[in-house]
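Now for the letters of each chain:
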Amino acid sequence: MIADVKKSAEQKMQKSLEALKTDFSKVRSGRPHTGMLDHIMVDYYGTPTPIKQLANVTLADARTIGVIPWDKKMFSPIEKAIRDSDLGLNPMTVSEMVRVPMPSLTEERRKDLTKIVRTEAETARVAMRNIRRDANAHLKELLKDKSIAEDEDRRAQDEIQKLTDRYIAEVDKLLQAKEAELMAV
């Protein structure tokens, strides 16, 4: 039973970490990558559809993402969806491709993005602590039901605390790497 509680807590913490990595990938640095457009939904004949299901997304050059729609009628909706997204990009259609140039970041914008990244990291830390709290509450329930002994409860809580510390350290490491990436010119 204790192993189940620990395993469940670790799985939830791993999911929180993966969610943080996904959130970090959406925050753009000066370099483009195709994953930046993954969360953008395009109106495909009345159905919101991810851009990668409608088009081939590639890096055209060091500062430009190229989006080549499979359906030629989708140029305008893709361009509109990218323009309306929260990324602040200005796409343009050139022959058979929607080109998405990446503007270089100003110092002020880099600092704003750093604040956003720190907020996301703190949200992840809070999620880890909530998972720890839930696991400890579950252990207390087991102790109350006399399913486990007090020393087993104490040992399990210590292990869950070590697990929490390990995942929070991982969040901090990801945060440092993302901040360094954002502040690099």
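Predicted model only: the values in this text are computed from it and were never measured. (Residues numbered from 1 in each chain as written. Predicted model: local features only at pLDDT ≥ 70, side-chain atom pairs only at ≥ 80, totals over all residues. Heavy atoms only, no water.)

Undergrad: Lay out the pattern of salt bridges in plain terms, naming residues and giving numbers.
TA: Applying the stated criterion to the full structure yields 16 salt bridges. The closest approach of N and O atoms between Arg125 and Glu122, which form a salt bridge, is 2.6 Å. Here the residue Arg125 and the residue Glu122 both occupy positions in helix 3 (residues 107-144), the gap between them amounting to 3 residues, near one helical turn. Of the charged contacts in the structure, one is a salt bridge between Glu181 and Lys178, with a shortest N-O distance of 3.5 Å. Placement of both Glu181 and Lys178 in helix 4 (residues 150-183) is noted, with a separation of 3 residues, approximately one turn of the helix. A residue is classified by how much of its surface remains accessible, and Glu181, at 26% relative accessible area, is partly exposed. (Salt bridge = Lys/Arg side-chain N within 4 Å of Asp/Glu carboxyl O. Helix = DSSP H or I, 4+ residues; strand = E, 2+ residues; numbered from the N terminus. Buried < 20%, exposed > 50% of the residue type's maximum accessible area, 1.4 Å probe, protein only.)

Undergrad: Kindly report on the packing of helix 3 against helix 4, identifying the contributing residues and their values.
TA: Running from N to C, helix 3 and helix 4 cross one another at 170°; their axes reach a closest spacing of 10 Å. By the angle class used here, helix 3 and helix 4 are roughly antiparallel. (Axes fitted to C-alpha atoms, helices over the stretch in contact; angles between N-to-C directions. Parallel < 35°, antiparallel > 145°, perpendicular 65-115°, else oblique.)

Undergrad: Describe the packing of aromatic side chains, and please don't skip the residues or the numbers.
TA: Within this structure, the stated rule accounts for 1 aromatic pair. Both rings, one in Tyr44 and one in Tyr45, keep their centres 4.9 Å apart while their planes meet at 65°; by these two values the pair is edge-to-face. With a relative accessible area of 29%, Tyr44 lands in the partly exposed category. Judged by its relative accessible area of 55%, Tyr45 is exposed. (Phe/Tyr/Trp six-rings, centres within 6.5 Å; stacked < 30°, edge-to-face > 60°.)

Undergrad: Talk me through the nonpolar core; I want residue IDs and the actual numbers.
TA: Met128, Leu139 and Val171 are the most contacted members of the largest nonpolar core, which has 27 residues in total. Broken down by secondary-structure element, the contributors of at least two residues to this core are helix 1 (2-26), helix 3 and helix 4. Ranked by residue count, the leading element in this core is helix 3, at 9 residues. Residues within four places of Met128 in sequence aside, it is in contact with Met13, Ser16, Leu17, Thr164, Tyr167, Ile168 and Val171. Met36, Ile78, Ile82 and Leu87 belong to the second-largest nonpolar core, a separate cluster that totals 20 residues. (Core = buried A, V, L, I, M, F, W, Y, C linked by side-chain atoms within 4.5 Å. Contact = heavy atoms within 4.5 Å.)

Undergrad: Explain helix 2 (residues 75-84) residue by residue, including any values.
TA: Note that an α-helix has 3.6 residues per turn; residues three or four places apart therefore point the same way. For helix 2, the set of buried residues is Phe75, Ile78, Glu79, Ala81 and Ile82. All buried residues of helix 2 fall inside an arc of 160° around its axis, so they share one side. Every exposed residue of helix 2 that faces more than 90 degrees away from the buried side is listed here: Ser76, Lys80 and Asp84. Buried positions along helix 2 lie against strand 1 (41-44), strand 3 (55-61), strand 4 (64-69), strand 5 (92-94) and strand 6 (97-101). (Arc of directions from axis to C-beta.)

Undergrad: Give me the lowdown on the sheet that holds strand 4, citing residues and values where you can.
TA: Reading across the sheet, the 4 strands line up as 3-4-6-5 and stay open at both edges, with antiparallel pairing between neighbours. Since the sheet does not close on itself, it has two edges, and those belong to strand 3 and strand 5, each with one partner. Taken over all neighbouring pairs, the strand axes of this sheet differ in orientation by 30° on average, direction set aside. Pairing of strand 3 with strand 4, which is carried by 6 bridges, proceeds in the antiparallel orientation. What sits directly across from Asn56, in strand 4, is Ile68. (Pairing = 2+ DSSP bridges.)

Undergrad: Residues and numbers for the environment of Thr106, please.
TA: Its place among the elements puts Thr106 in the loop between strand 6 and helix 3. With a relative accessible area of 48%, Thr106 lands in the partly exposed category. In the structure, Thr106 is positioned 77 residues away from Met183 in sequence and 9.9 Å away in space, judged by C-alpha atoms.

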